[in-house]
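Chain by chain, the residues:
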Amino acid sequence: MFPRPAAAILALLTLFTPATRAESPMRMLTCRDGKLYDGDQEFRFVSWNIPNLHNVEDAFEFFGETPWRWPDAFEIADALDSVQQMGGRVARTYVISVRRKDGDMGDNVHVTGPGEFNEAAFRTLDLVLKIAAEKRVRVIIPLVDNWHWWGGVRQYEAFRGKSKGDFWTDPQLLEDFKRTIHHVLNRRNTLTGVLYREDPTILGWETGNELDSPPEWTRRVSAYLKEIDPDHLVIDGNALNGVPVHSLDDPNVDVVTTHHYPNAGNNNAESVLEAMRLVGGKKAYFVGEFGFLPIEEAQRVLDTVIDEGVSGALYWSLRFHRREGGFYWHHEPSGEDLYKAYHWPGFPEGEEYREHLVIPMIRDAAFRIQGEATPPLPLPTPPNLLTPTSPRLLSWQGSAGASVYDVQRAAKPDGPWATIATDISDAAFQYRPLFADETAEPSVEHYYRVVAKNASGESEPSETIGPIIAPDRLLADEFQDDSRLASRSGETSFVSDQPRKTQEDIHRLAMTPGSTVTYRLNHAVTGVRVWLFTPGESTLTLQASADGESYTRLELTQQTTPGGANDYGYHRPYFLKVTDLPAKTRWIRLSLPAGADEVQLSRVEIRSVP
């Protein structure tokens, strides 16, 4: 984690101080006549699934052993500020995770064995509930997954050496799951002192995510939840195959929910309407997940929810700002290699899956379902400019609701300030520095600050960092296009497909055997660094030239890692570095020999001196 200035820490603490304006305490939601109520007011919502809110699965580091880690206070607050700014009143996380042997989760799980629990995981959940209460956003947490991604029913079976499907009928496995329920509901929040079963920040207990459970299992689990906690709502997690009609007469189930994604011949808006008819007011009903839809179909779903009295709908899915700068990214394997997680307030990088249309659509619906007009965006708060790990490379913790940023530079800490870059997006690059200052004079002191902007205006400047002294000039190529290249030959192409395999990088240049990529510098090159991915082995070579005609092969340092267990078939990362170059080198060529494995260039940095 980057160090944070003391003033920024004070500001962060202020952010988490409960609002001083008079607000009534949050109350437990109730259910009657097929509707949700907060006191005597009907409670309806349009908001987001935020899978990473309590357990991050997308924290990529180039040579990191695992992309899993716990979110920190800044990240959780950013996620819930984003929901709040969009008019959301609810956030649904992903599940209570379970240790699995065939994944890369490591210790980032809640359940480590039958009746065994990870205190670090639950302390993070404590923080989520504390901040959610301060932001007045209610949280839904599914208690177990039907799928393997975060560990689920199959892992409970594996703990006991049971067969697939035994989770639903085996008495021992039911008792194991009850121990998890008992632990979660009876936990006392270490930050607020409130028992989970007494915390109105929790909207209700969802029996699981997209379960395929038989009616008897649901009946037993729902009864056990009510036995421990009669005050919270119980939500039936059988959501994937339509309304679980067997729960409509179960006195311990308060809410049913359905999920909606593309399906040949299926009209999702009509499916929601049919679900409403089936429920018939016996239970409250909301759409727990929907997404991967054309914008017109998604709008029809929202219109149906609002116009037909459905209690709410949650879109899939939102990711938030990352502590090292930028956002967390998540390519959706089930989204036809098109959809990724959404980022508030919407960015050009998400245009392919209509992020710039989906975000305002959800925001408008969130206010409309509450009978309110959509307000202007709030002004962004100042971003937190992070101390750079390398001169000229800047990153900052973004402001919720900010669209772009201006970077300012000065020769003295008190200015005068010059804007050296405008409208920089912190969603442009994935897991890389957000801005490279290529215009600063070498060996001169520079100071920096950043201003956040959106449609309502701009923030106050960030804290100032500096002095920063760079000994050389920098060319940084993220392969958004070929504007940094002198030339390329052979079969090369810019690619963005299947980015999960390349740590979510959506801007890459694929090189096939026999291809070359060439850079021309105005000054003598002193160092080259290359980040790339390949499904095989990298045999990329680097060459130097003073005249662009005669090239010399360079000795390079190469670093890689074989990678561990994973679900996505990650490509192997390689980092190449050259620091000993011939005098007067102006040209750098990257070459892939015949017979080599294809490589995808992710980033190139070239340093030079006058």
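Refer to the structure presented above.
Reading guide: rules and limits
- Here, residues in each chain are numbered from 1, in the same order as that chain's written sequence.
- Predicted model: local features are reported for residues with pLDDT of at least 70 only, side-chain atom pairs are reported and counted for 80 or more only, and whole-chain, interface and lining totals are derived from all residues.
- With hydrogens and water excluded, all non-hydrogen atoms of the structure serve as input to the side-chain values.
- Numbering goes from the N terminus for both helices and strands, where a helix is a DSSP run of H or I of at least four residues and a strand is a run of E of at least two.
- A helix is expected to span 1.5 Å for every residue after the first.
- With a 1.4 Å probe rolled over the protein chains alone, any residue whose accessible area is under 20% of its type maximum counts as buried; one over 50% counts as exposed, and the rest are partly exposed.
- Whether two residues are in contact is decided by their heavy atoms: any pair within 4.5 Å suffices.
- Polar contact is defined as a pair of N or O atoms within 3.5 Å, subject to the rule that within protein one atom must be able to donate a hydrogen and the other to accept it, and that residues adjacent in sequence are counted only when both atoms are side-chain atoms.
- At least two bridges found by DSSP between two strands are what make those strands a pair.
- Here an angle of 0 to 180 degrees is reported between the N-to-C directions of two axes, which are lines fitted to C-alpha atoms, with helices fitted over the stretch in contact.
- Nonpolar cores are built from buried Ala, Val, Leu, Ile, Met, Phe, Trp, Tyr and Cys residues. Side-chain atoms within 4.5 Å join them into one set.

**Description of helix α5 (residues 171-185)**
With 15 residues, α5 extends 21 Å from end C-alpha to end C-alpha; this agrees with the ideal 21 Å at 1.5 Å per step. Considered for burial, the residues of α5 that qualify are Leu173, Leu174, Asp176, Phe177, Lys178, Thr180, Ile181, Val184 and Leu185. Buried-residue contacts for α5 involve β6 (111-113), β7 (116-117), α3 (119-135), α4 (153-159), β9 (202-206) and α6 (215-228). Structurally, the start of α5 carries an N-cap: the backbone nitrogen of Gln172 is 2.9 Å from a side-chain oxygen of Asp170.

**Let's talk about the sheet that holds strand β29 (residues 541-545)**
Strands in a sheet are paired, the pairing made by backbone hydrogen bonds, and the direction either parallel or antiparallel. Spatially, β24-β27-β33-β29-β30 is the arrangement adopted by the 5 strands of the open sheet, whose pairing is antiparallel. Since the sheet does not close on itself, it has two edges, and those belong to β24 (487-489) and β30 (552-553), each with one partner. With 5 bridges connecting them, strand β27 (residues 516-520) and strand β33 (residues 587-591) associate as antiparallel partners. Following the sheet pairing, Tyr519 is matched in β33 by Ile588.

**Description of the sheet that holds strand β8 (residues 138-142)**
Spatially, β4-β5-β8-β9-β10-β11-β12-β13 is the arrangement adopted by the 8 strands of the closed barrel, whose pairing is parallel. Ignoring which end each strand starts from, the neighbouring axes of this sheet average 25 degrees apart. As judged from the 3 bridges shared by strand β5 (residues 90-92) and β8, these two strands associate in the parallel manner. Looking across to β8, one finds that Ala91 is bridged to Val139. Sheet strands touched by α6: β9 and β10 (233-236). Its angle to β10, the strand with the most contacts, is close to 160 degrees.

**Thoughts on the nonpolar core**
Within the largest apolar cluster, 101 residues are counted, with the highest numbers of intra-cluster contacts made by Trp48, Ile50, Phe167, Phe177, Ile181, Phe290 and Tyr342. The element best represented in this core is α3, accounting for 7 residues. The contacts of Phe290, once residues within four sequence positions are left out, are His260, Tyr261, Ala298, Val301, Leu302, Ala313, Leu314, Tyr315 and Trp316. Judged by nonpolar contacts, the second largest core, of 28 residues, contains Val528, Val578, Leu601 and Ile606.

**Focus: the environment of Pro461**
In this fold, Pro461 is placed in the loop between β21 (457-458) and β22 (465-469). Classification of Pro461 as partly exposed rests on a relative accessible area of 28%. C-alpha of Pro461 to C-alpha of Leu318: the two residues are 143 residues apart in sequence and 27 Å apart in space. Residues in contact with Pro461, not counting those within four places in the same chain, are Pro382, Arg449, Val450 and Val451.

**Notes on the environment of Ser538**
Along the chain, Ser538 falls in the loop between β28 (524-534) and β29. Under the relative-accessibility criterion, Ser538 is labelled buried at 7%. Taking the C-alpha atoms as reference, Ser538 lies 9.4 Å from Gln558; in sequence the two are 20 residues apart. When neighbours within four sequence positions are excluded, Ser538 is seen to be in contact with Leu532, Gln558, Tyr574 and Val599. A distance of 3.4 Å separates the side chain of Ser538 from the backbone nitrogen of Leu540, its partner in a polar contact.

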